[in-house]
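An overview of the molecular structure
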Amino acid sequence: MKLLVVLLSSMSLIHAIITIVPVELGDKPGFSGSLSGSFETKRGNTEKDEYNAGLKLRYDNNESYTIWSDLIGSYGEASGEKNTNKTYAHIRLIHALYEKDLDWEIFVQSEMNEFTSIDRRRLIGGGLRYRFAHGDFGKLFFGLGAYYESTNY
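As the structure is a prediction and not an experimental result, all values here were calculated from the model.

Another point: the sheet that holds strand β1 (residues 30–42). Taken together, seven strands build an open sheet; the order of strands is β1-β2-β3-β4-β5-β6-β7 and the sheet is antiparallel. The outermost strands of the open sheet, each flanked by one partner alone, are β1 and β7 (138–152). Taken pair by pair, the neighbouring strands of this sheet meet at an average axis angle of 10°, ignoring direction. Pairing of strand β6 (residues 118–135) with β7 involves 15 bridges; the strand directions are antiparallel. Bridging across to β7, Arg122 finds its partner in Ser150.

Right, let's get into the packing of aromatic side chains. The final tally for this structure, using the stated rule, is five aromatic pairs. Ring plane angle 35° and centroid distance 4.9 Å describe the contact between Phe39 and Tyr51, whose orientation is recorded as tilted. One end of the pair, Phe39, is in strand β1; the other, Tyr51, is in strand β2 (residues 48–60), with 12 residues separating them in the sequence. Judged by relative accessible area, which is 38%, Tyr51 ranks as partly exposed. Relative to Phe132, the ring of Tyr130 has its centre 5.0 Å away and its plane inclined at 85°; by these criteria the two rings are edge-to-face. Given a relative accessible area of 52%, Phe132 falls into the exposed group. Members of the aromatic cluster, each reached through a chain of ring pairs, are Phe31, Tyr59 and Tyr65.

Criteria and thresholds
- Residues numbered from 1 in each chain as written.
- Predicted model: local features only at pLDDT ≥ 70, side-chain atom pairs only at ≥ 80, totals over all residues.
- Heavy atoms only, no water.
- Pairing = 2+ DSSP bridges.
- Helix = DSSP H or I, 4+ residues; strand = E, 2+ residues; numbered from the N terminus.
- Axes fitted to C-alpha atoms, helices over the stretch in contact; angles between N-to-C directions.
- Phe/Tyr/Trp six-rings, centres within 6.5 Å; stacked < 30°, edge-to-face > 60°.
- Buried < 20%, exposed > 50% of the residue type's maximum accessible area, 1.4 Å probe, protein only.

Written out as structure tokens, the structure is:
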């Protein structure tokens, strides 16, 4: 029973961290990016409108560093009442340390979600990561890092 309580507690802590797919130096040299957006409206017993927008930008010099950002916003209303209002921004710099398999990285992240009572959440951090393998089965990394988090409810 104690193990179950510990596992459930740690899952709530893990939920606070947003998953970021590893970006590697040299994957996409040059500038790249994407812009996304959606609008959904439903009418009937409940009137619902939902808006979403996202922007991803990346620059990779294919030699020593890559920098990328992820910006997302959502807003929604149901029956004339606001029910979604959140934003998320993440910017990361990855720089090779001696060779491409050993990198250091720094990041900043900010988010707001009115309906989970997060007025402002900010993270800043960095670390080292080493790529052990890159093959048909996927990528294997080992990393060590730290971050500072500040949340205002």
